[in-house]
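Listed below are the residues making up each chain.
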Amino acid sequence: MRSLDPIITERLHARVSELGGISEETGRLTRSFFSDAMTQVHFRFAEWAEDAGLSFTIDAADNLRLRWTAPAADGVTRPLLVIGSHLDTVRDAGRYDGPLGVLTGLACIEQLQAWGEAPPFDIELVGFSDEEGLRFQTAYLGSAYYAGVFPETWLSLRDAAGHTLGEVLASRGRSAAEVLAAQRAPENLCGYLELHIEQGPQLEADACAVGVVSAIAAQTRARLVFSGKAGHAGTTPMELRQDALCAAAEAVLAIEAYARATPGLRATVGQLAVVPGASNVIPAEATLTLDIRHQADMSLAAAVAELESNTRSHAAARGIALRWEFLQQGKAVPMDAALTEHLKAAAVARQGNAPVLVSGAGHDAAVISRIAPVAMIFVRNRDGLSHHPDEYVAPADAELGLAVLADAVCRYAASTP
Ligand code: GLV
Ligand code: MN
Ligand code: MN
C-alpha cells in the first residue's frame with residue numbers, strides 16, 4: 001500500500017487549524033454565507049491552488065471551485081469527478097465539520113499528484129458556501145446553486161439584519177436574475193465524493209477511524225409562529241392571558257417528548273425569539289425553529305403531520321394562533337452503490353473493515369445526488385461531538401480518511417474506461 005507524503009499530511013493539519021481561526025466573530029468560530037470571513041478563506045485557497053497547479057474560481061453563489069486537469073489531457077472534454085464539502089460553519093462551531101472534507105479533498109489531489117497519478121477525468125474540488133443554513137435558516141444554498149436547483153423563492157429569504165438573499169447578492173455585485181439564469185449543473189459530471197466527520201458516536205464505539213455512509217436521513221425544517229396578545233405583567237390575571245411564549249414552551253417540550261418516544265426520530269428546537277421581549281410584558285409573539293429528521297421518509301412525514309396537528313390544538317386551547325411554515329423538506333438520500341464500493345474496498349484495504357453508517361446529519365451530497373452519483377465516508381470524531389467548539393478529529397484518523405479517499409479515487413479511475 002502506498003504511503004501518504006508527510007508534507008501533505010502535515011499541511012492538511014496546519015490548514016485545518018488555520019481555517020479554524022478565520023471567523024466573523026471574535027473568540028469563536030462562525031463563518032456564514034457570503035461573509036468576509038468566507039472571502040478570507042477563499043484567499044488562502046487561491047494561494048494553495050496556485051501551488052498545486054489548480055485553476056481557481058469563486059462562482060456566483062460564493063462556492064469555491066478548484067479544478068485539476070491531470071497530465072495527458074488532450075483538449076477533449078473529459079468526465080468530471082467532484083470532491084467537496086462546505087466551508088461555512090454554525091455559530092461557535094468546531095473546525096472540522098465541513099472544512100475537513102474540503103481540505104482533505106485538496107490533500108487528496110496533492111497526494112494523487114505526488115503519486116504520479118493521471119486519472120482519466122478532471123477533478124473539481126468544491127468548497128460549498130452554505131451547507132448549515134446559519135444566515136438564512138435554509139441549508140444548502142451553495143450546493144443548490146451548484147446543482148442548478150436554486151429556487152427563485154429563496155431570493156426573498158431574510159437574514160437577521162433584515163436583508164434579503166437577493167439584496168446580499170446585489171451587494172456583492174451579483175444580480176439575482178443573473179445568478180438564477182447562470183446556474184447549471186456542470187457537464188460530464190460522473191460522480192461526487194465527500195469526506196466528513198461522523199458527528200456521532202458510532203465509529204468510536206466500533207473502534208474504527210473511517211466508515212462508509214449508506215444514506216443521508218430525511219430532514220424537514222419549519223418555522224412556528226405563535227401569536228397571542230401582549231399585556232401588563234403585573235395586572236393581567238393569569239386566566240385572561242394569551243401568552244405566546246407559554247404556548248411555544250409547551251410545544252418545545254411536547255416535541256421533545258414525542259421524539260424521545262419515536263424510534264429513530266430526532267427533533268430539535270434550536271431558535272426561539274420572543275416579541276416584544278420585555279420582562280414586564282406578556283409575550284405577544286413567539287417564533288421557534290424546528291429541525292426534525294428520520295432515516296425513513298414515511299416515518300418523518302407521519303411525525304411532522306402529527307406534531308403539527310398536536311401543536312395546533314394545544315395552541316388553540318390557549319387562544320393562540322399558530323402559523324406553521326415549512327422552510328425545507330428533504331427526502332432521505334441513498335448513496336450510489338458503485339461509488340460506495342470503491343470507498344468500501346479502500347477502507348477494507350487500509351483499515352481491515354468498513355463499517356456502514358446512516359447519516360443523521362445533512363450533507364451537500366444530498367443535493368448533489370440530484371445531478372450525479374454520490375458517495376461519502378465518515379471520519380471518527382471524539383465523543384461524537386459536533387456543532388460545538390470542542391469538536392475534534394485525531395490527526396491519524398484524518399490521515400486514514402485521506403488515504404481511503406485517495407485510494408478510492410484511484411480505484412474509480414482504474415474502473416473508468
Ligand atoms: C448540518 O450540519 C446539519 O445536518 O444540520
Ligand atoms: Mn454541520
Ligand atoms: Mn457539515
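Look up: the structure comes first, before these words.
Residues numbered from 1 in each chain as written. Chains lettered and ligands numbered in written order. Predicted model: local features only at pLDDT ≥ 70, side-chain atom pairs only at ≥ 80, totals over all residues. Heavy atoms only, no water.

Looking now at the overall build of the chain. Of the regular secondary structure elements, the chain holds 12 helices and 13 strands. The C-alpha radius of gyration computed for the chain amounts to 23 Å, which stays within 12% of the reference 22 Å derived for 417 residues, consistent with globular compactness. Considering the chain as a whole, with its 417 residues, one finds that 52% of them fall into the buried category. Restricting the contact set of the chain to residue pairs at least 6 apart, pairs at least 24 apart contribute 78%. When the accessible surface of the chain is split by element, carbon and sulfur atoms take 52% of a total near 17,400 Å². Between the centroid of the 33 positive side chains of the chain and the centroid of its 50 negative side chains there is a distance of 3 Å. (Helix = DSSP H or I, 4+ residues; strand = E, 2+ residues; numbered from the N terminus. Rg over C-alpha atoms; globule rule 2.2 N^0.38 Å. Buried < 20%, exposed > 50% of the residue type's maximum accessible area, 1.4 Å probe, protein only. Contact = heavy atoms within 4.5 Å. Areas by Shrake-Rupley, 256 points an atom, 1.4 Å probe, with all protein chains shown as cover. Lys, Arg positive; Asp, Glu negative; His and termini not counted. Charge placed at Lys NZ, Arg CZ, Asp CG, Glu CD.)

Our focus in this paragraph is the coordination of the manganese ion (ligand 2). Listed as protein donors to the manganese ion (ligand 2) are Asp97 (OD), Glu132 (OE), Glu132 (OE) and His387 (NE2); their distances from the metal cover 2.1 to 2.6 Å. Each donor residue of the manganese ion (ligand 2) lies on the same chain, and together they follow the pattern D-x34-E-x254-H. Taken as a pair, the manganese ion (ligand 2) and the manganese ion (ligand 3) lie 3.5 Å from each other and share Asp97 as a ligand. Remark: His387 occurs in the loop between strand S13 (374-379) and helix H12 (395-415) and Asp97 occurs in the loop between strand S3 (80-86) and helix H3 (99-114); sequence separation between them is 290 residues. Judged by relative accessible area, His387 falls into the partly exposed class, the value being 43%. (Donors = N, O, S within 2.8 Å, 3.2 Å for Na, K, Ca; no water.)

What tends to happen in soluble globular proteins is that the nonpolar side chains get buried as a cluster. Of all hydrophobic cores here, the largest spans 62 residues; its most connected members are Phe45, Leu112 and Val409. Element by element, the count of residues in this core is highest for H12, at 12 residues. Sequence-distant contacts of Val409, that is, excluding residues within four places in its chain, are made with Leu81, Ile83, Cys108, Leu112, Phe121, Ile123 and Leu193. Listed in part, the 25 residues of the second largest apolar core include Tyr146, Ala147, Leu189 and Phe378. (Core = buried A, V, L, I, M, F, W, Y, C linked by side-chain atoms within 4.5 Å.)

Every residue lining ligand 1 is accounted for by Glu131, Glu132, Arg221, Arg293, Ala361, Gly362 and His387. With respect to ligand 1, the side chain of Arg293 contributes an N or O atom lying 2.6 Å from an oxygen atom. Here an oxygen atom of ligand 1 and a side-chain polar atom of His387 are 3.1 Å apart. If ligand 1 stood free it would expose 190 Å²; the protein chains cover 94% of that surface. (Near = heavy atom within 4 Å. Polar contact = N/O pair within 3.5 Å; in protein donor to acceptor, adjacent residues only side chain to side chain.)

Here we come to the packing of helix H1 (residues 6-20) against helix H2 (residues 36-52). One way to put it is that H1 packs onto H2 with a least axis distance of 11 Å and a crossing angle of 155°. Here H2 runs roughly antiparallel to H1, going by the angle between their axes. For the crossing formed where H1 meets H2, the hand is right-handed. On the side of H1, the interface is formed by Arg15, Glu18 and Leu19, while H2 contributes Val41, Arg44, Phe45 and Trp48. For the contact of H1 with H2, the residue count by class is 4 nonpolar, no polar and 3 charged. (Axes fitted to C-alpha atoms, helices over the stretch in contact; angles between N-to-C directions. Parallel < 35°, antiparallel > 145°, perpendicular 65-115°, else oblique. Left-handed = near helix turned anticlockwise from the far one by under 90°. Nonpolar A, V, L, I, M, F, W, Y, C, P; charged D, E, K, R; others polar.)

Bringing the packing of aromatic side chains into the picture now. Counting across every chain of the model gives 9 aromatic pairs. Between Phe33 and Phe34, the aromatic rings sit 4.8 Å apart at their centres with planes inclined by 70°, giving edge-to-face as the arrangement. Take Phe33 and Phe34: they sit in the same class, and that class is buried. Ring centres of Tyr96 and Tyr392 lie 6.3 Å apart, and the angle between their planes is 85°; this geometry places the pair in the edge-to-face category. Placement of Tyr96 in the loop between S3 and H3 and of Tyr392 in the loop between S13 and H12 is noted, with a sequence separation of 296 residues between them. One aromatic cluster is present, formed by Phe33, Phe34 and Phe136 through successive ring pairs. We note Arg2 situated over the ring of Trp115; from NZ or CZ to the ring centre the distance is 4.1 Å. (Phe/Tyr/Trp six-rings, centres within 6.5 Å; stacked < 30°, edge-to-face > 60°. Lys NZ or Arg CZ within 6 Å of the ring centre and 35° of its normal.)

Below, the discussion takes up the sheet that holds strand S8 (residues 266-275). In spatial order, the strands read S8-S9-S7-S10; together these 4 strands make up an open sheet with antiparallel pairing. Strands at the two margins of the open sheet, each flanked by one partner only, are S8 and strand S10 (321-330). In this sheet, adjacent strand axes meet at a mean angle of 15° when their direction is disregarded. The pairing of strand S7 (residues 218-227) with strand S9 (residues 285-294) spans 10 bridges and is classified as antiparallel. Paired with Arg223 across the two strands is Thr289, which belongs to S9. (Pairing = 2+ DSSP bridges.)

Turning next to the coordination of the manganese ion (ligand 3). The coordination sphere of the manganese ion (ligand 3) contains the protein donors His86 (NE2), Asp97 (OD) and His196 (NE2), at a distance range of 2.1 to 2.2 Å. The sequence motif formed by the donor residues of the manganese ion (ligand 3) is H-x10-D-x98-H.

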